[in-house]
Amino acid sequence: MSSNIFNIREFGVVGDGKKKDTAAIQSAIDACAKAGGGTVYCPPGTYLIGTLVLKNRLTLHLESGCVLQGSTDRADYPKELGTPQPNVDSGDENNCFASISPEHLIVAKNLEDVTITGGGRIDGNGDFFFGEFNPEVHYYTLPAKGWRPFRMMVFRECRNITIEKVTITNSPAWTVWLSGCE
């Protein structure tokens, strides 16, 4: 971890899995960026979150016992923070991506030197969004709730991305999407 450490507890998180901690964690991320980079430290606890926007030269360290739990509330995934699929608005009704939601849990666009590490877990709360499992087709009925976040973690046109020693689980759709990254 770097010498610039921003403990999310110091930014007002609750970590009970019930109260939304998005704003507090985003405040820690923003403070880290303002300081020129460093580590956003997430101690053990369950943190209910919507979209988090990562910044340059940032390590998101999820300590063992830390869970970033995706919210089930659509309002917690502002579309303007997401990354829509290229050519979605092309007017092409045959575009198979035209109905893809731009809402994501963790977003990184045009960034450098971003790391997600630790021993913690990122849980997209996917079980909430899916219907019954159909063993005949080996698939779940979708969408059970009429909407779901799409890619859980999006890295778009970024450089030097590291994701290690974290568990990424229970995604409501794709887990990690790296697009145009080096």
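Only a predicted model underlies this, so the values are computations on that prediction, with no experimental measurement involved.

Q: Got a sec to walk through the sheet that holds strand E13 (residues 153-156)? Specific residues and values, please.
A: Overall, parallel pairing links the four strands, which are arranged E5-E8-E13-E16 in an open sheet. With partners counted over all chains shown, the strands left at the sheet margins are strand E5 (52-53) and strand E16 (176-179), one partner each. Two elements, strand E8 (residues 106-109) and E13, share four bridges in a ladder whose sense is parallel. Across the sheet, the residue bridging to Val107 is Val154, located in E13.

Q: Please provide a residue-by-residue account of the packing of aromatic side chains, values included.
A: In total, this model carries three aromatic pairs according to the counting rule given. Taken together, a centroid distance of 5.1 Å and an interplanar angle of 85° make the contact between Phe128 and Phe129 edge-to-face. Taken together, Phe150, Trp174 and Trp177 form an aromatic cluster joined through their ring pairs. The ring centre of Trp177 lies 3.8 Å from the NZ or CZ of Arg151, which sits over that ring.

Q: Now, about the confidence of the model for the protein: what can you tell me, with residues and values included?
A: Chain-level statistics for the protein give a pLDDT mean of 86 and a share of 80% at 70 or above. When the criterion is pLDDT under 50, residues 87-100 qualifies, and its contacts beyond four places in sequence or with other chains add up to eight contacts.

Q: I'd like to hear about the environment of Ile49, residue by residue, with values.
A: Here Ile49 lies in strand E4 (residues 45-49). A residue is classified by how much of its surface remains accessible, and Ile49, at 0% relative accessible area, is buried. Put simply, Ile49 and Ala24 are 25 residues apart on the chain and 9.7 Å apart in space, counted from C-alpha to C-alpha. Setting aside residues no more than four positions away along its own chain, Ile49 makes contact with Asp21, Thr22, Ile25, Leu68, Gln69, Gly70, Ser71, Tyr77 and Leu105.

Q: Which residues make up a nonpolar patch on the surface, and what values go with them?
A: Judged by side-chain polarity, Ile163, Val176 and Leu178 come together as a nonpolar surface patch covering roughly 220 Å² of accessible area. In this fold, Leu178 is placed in strand E16.

Rules and cut-offs
Every chain is numbered on its own, with residues counted from 1 as its sequence reads. Side-chain atom pairs in this predicted model are given and counted only at pLDDT of 80 or more, local residue features only at pLDDT of at least 70, and totals for whole chains, interfaces and linings cover all residues. Heavy atoms from the whole structure form the basis of all side-chain values; hydrogens and water molecules are not counted. Pairing between two strands is assigned when DSSP locates at least 2 bridges connecting them. Helix and strand assignments follow DSSP, with helices taken as H or I runs no shorter than four residues and strands as E runs no shorter than two, numbered in order from the N terminus. Aromatic rings from Phe, Tyr and Trp, taking only the six-membered ring of Trp, are treated as a pair when their centres fall within 6.5 Å; an angle between ring planes under 30 degrees marks them as stacked, one over 60 as edge-to-face, and anything in between as tilted. Here, a charge over a ring is recorded when the distance from Lys NZ or Arg CZ to the ring centre is within 6 Å and its angle to the ring normal is within 35 degrees. Each residue carries a pLDDT value, the predictor's own confidence for that position, ranging from 0 to 100. Note on definitions: a residue-residue contact is assigned when non-hydrogen atoms from the two residues lie within 4.5 Å. Think of it in three bands: residues with accessible area under 20% of the maximum for their type are buried, residues over 50% are exposed, and the middle band is partly exposed, with areas taken using a 1.4 Å probe on protein chains only. The patch calculation keeps residues exceeding 30% relative accessible area without a salt bridge and links them within 9 Å when they carry like charges or within 5 Å when they are nonpolar (Val, Leu, Ile, Met, Phe, Trp, Tyr). Values of accessible area rely on a 1.4 Å probe in the Shrake-Rupley scheme; residue burial ignores everything except the protein chains shown. In the sections that follow, a salt bridge refers to a side-chain nitrogen of Lys or Arg positioned within 4 Å of a carboxyl oxygen of Asp or Glu.

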